[in-house]
Amino acid sequence: MARICGHFQLNRPGFSLDAEFDIPGRGVTALFGPSGSGKTTLLRCIAGLERAPQGRLQVDGAVWQDTTTWLPTHHRPLGFVFQDAALFPHLTVHGNLVYGRRRSTRDAERVRLEQVVELLGIGPLLARKPDGLSGGERQRVAIARALATSPRLLLMDEPLSALDLARRNEILPYLERMHEELEIPVIYVSHMPDEVARLADHVLLVDAGRIVASGPLAATLARLDLPMKLGADSGAVIEGTIAELDPEWHLVRVDFAGGSLWTREQGIAVGRKVRVRVLANDVSLTLDRSERTSIQNLLRGTVDAIGEDGHPGQLLVRVCVGDVALLASVTRRAAAGLDLKSGDVVWVQVKSVALLE
């Protein structure tokens, strides 16, 4: 499989970056971490917008930077989407796309302009100027312009951070569709756990200028040994399939390797592959199966590990349900009362499930 490998070091007053990575050359890799952790600086190094003199970068076997090679940004076959759409105000949407297309060559064409327009649903906007577009429409056009360059790599720097919740929810389905239909690898910067859970295949956790963890999304988020604690955002991401619709109660059953979960119906067809996110705060544990309870999702699992949470009075318990790891946030007092330890068989009570599509 193609890989994207690099190592960048920068030292500035009050901040240093020392980040080495080796990630898949397909799918979406999220650079995830708190504000100020170095995510955008690392992305700019990859783009060549920041010069790290001793850095190295190889994309799908091609050297973009090492001790003897330096490709300036305009020679790197990449697309870049910023927080601000940064469209040319004097050009129409079509004109902005044509400007992007001029950066590509026919030999390197990985995506057709017509495909980009259809993929991002911007056909009705082609004759309009940027000042006549909503924030969500402008950002869709910015993504389309980046794709119009037929990049070998697409870089996205918190592209939804300037949008309100409604506009974010408007764009996310287009990003999911882009993920499904295009083979262009994406490096996506975000500090929003819900975006990462919905879009990413692989994740690099960045903290204080260092990459503290790297791996497939679900496995990495389920680790308990990370120095960067997610607190209320700790949780599990599960790949599953819509297996049943209950029209009377407006619920759907999502089956996964090891069990099933019921959640609210959102108009997704039976048989569709989906992701669900279960926050650790929405999971409780019991040693006995409870029948008379409002919690409808009960799963039998085995305690795999117990680790620190973000508060000294809390613990994170990782429970394996089949091949899937769930996290439960419990108080130290509760864990002591249950005498929880690795290998214990427990019942997992899931109070809430977020269906991510």
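The structure this text deals with has already been given above.
Everything quoted here is computed from the prediction, not taken from an experiment.

(A) Region of the structure containing the pattern of salt bridges. Throughout the structure, instances matching the rule amount to 23 salt bridges. Residues E50 and R12 are paired through a salt bridge, measuring 2.4 Å at the closest nitrogen-oxygen approach. Here E50, found in the loop between α1 (39-47) and β4 (56-59), pairs with R12, found in strand β1 (residues 3-12); they are 38 residues apart in sequence, far enough to count as distant. In this structure E50 comes out as buried when scored by relative accessible area, which is 17%. Here R112 ties to E114 by a salt bridge, and the two come within 3.8 Å at their closest N and O atoms. Assessed through its relative accessible area of 45%, R112 is described here as partly exposed.

(B) Layout of the packing of helix α4 (residues 135-148) against helix α5 (residues 165-181). It is at 9 Å that the axes of α4 and α5 come closest, and there the two elements cross at 25°. The pairing of α4 with α5 is recorded here as roughly parallel in orientation. For the pair α4 and α5, the sense of crossing is right-handed. Two secondary-structure elements touch here, α4 through G136, E137, Q139, R140, I143 and L147 and α5 through R167, E170, I171, Y174, L175 and M178. Per-class residue counts for the contact of α4 with α5 are 6 nonpolar, 2 polar and 4 charged.

Conventions we followed
- Residues numbered from 1 in each chain as written.
- Predicted model: local features only at pLDDT ≥ 70, side-chain atom pairs only at ≥ 80, totals over all residues.
- Heavy atoms only, no water.
- Salt bridge = Lys/Arg side-chain N within 4 Å of Asp/Glu carboxyl O.
- Helix = DSSP H or I, 4+ residues; strand = E, 2+ residues; numbered from the N terminus.
- Buried < 20%, exposed > 50% of the residue type's maximum accessible area, 1.4 Å probe, protein only.
- Axes fitted to C-alpha atoms, helices over the stretch in contact; angles between N-to-C directions.
- Parallel < 35°, antiparallel > 145°, perpendicular 65-115°, else oblique.
- Left-handed = near helix turned anticlockwise from the far one by under 90°.
- Contact = heavy atoms within 4.5 Å.
- Nonpolar A, V, L, I, M, F, W, Y, C, P; charged D, E, K, R; others polar.

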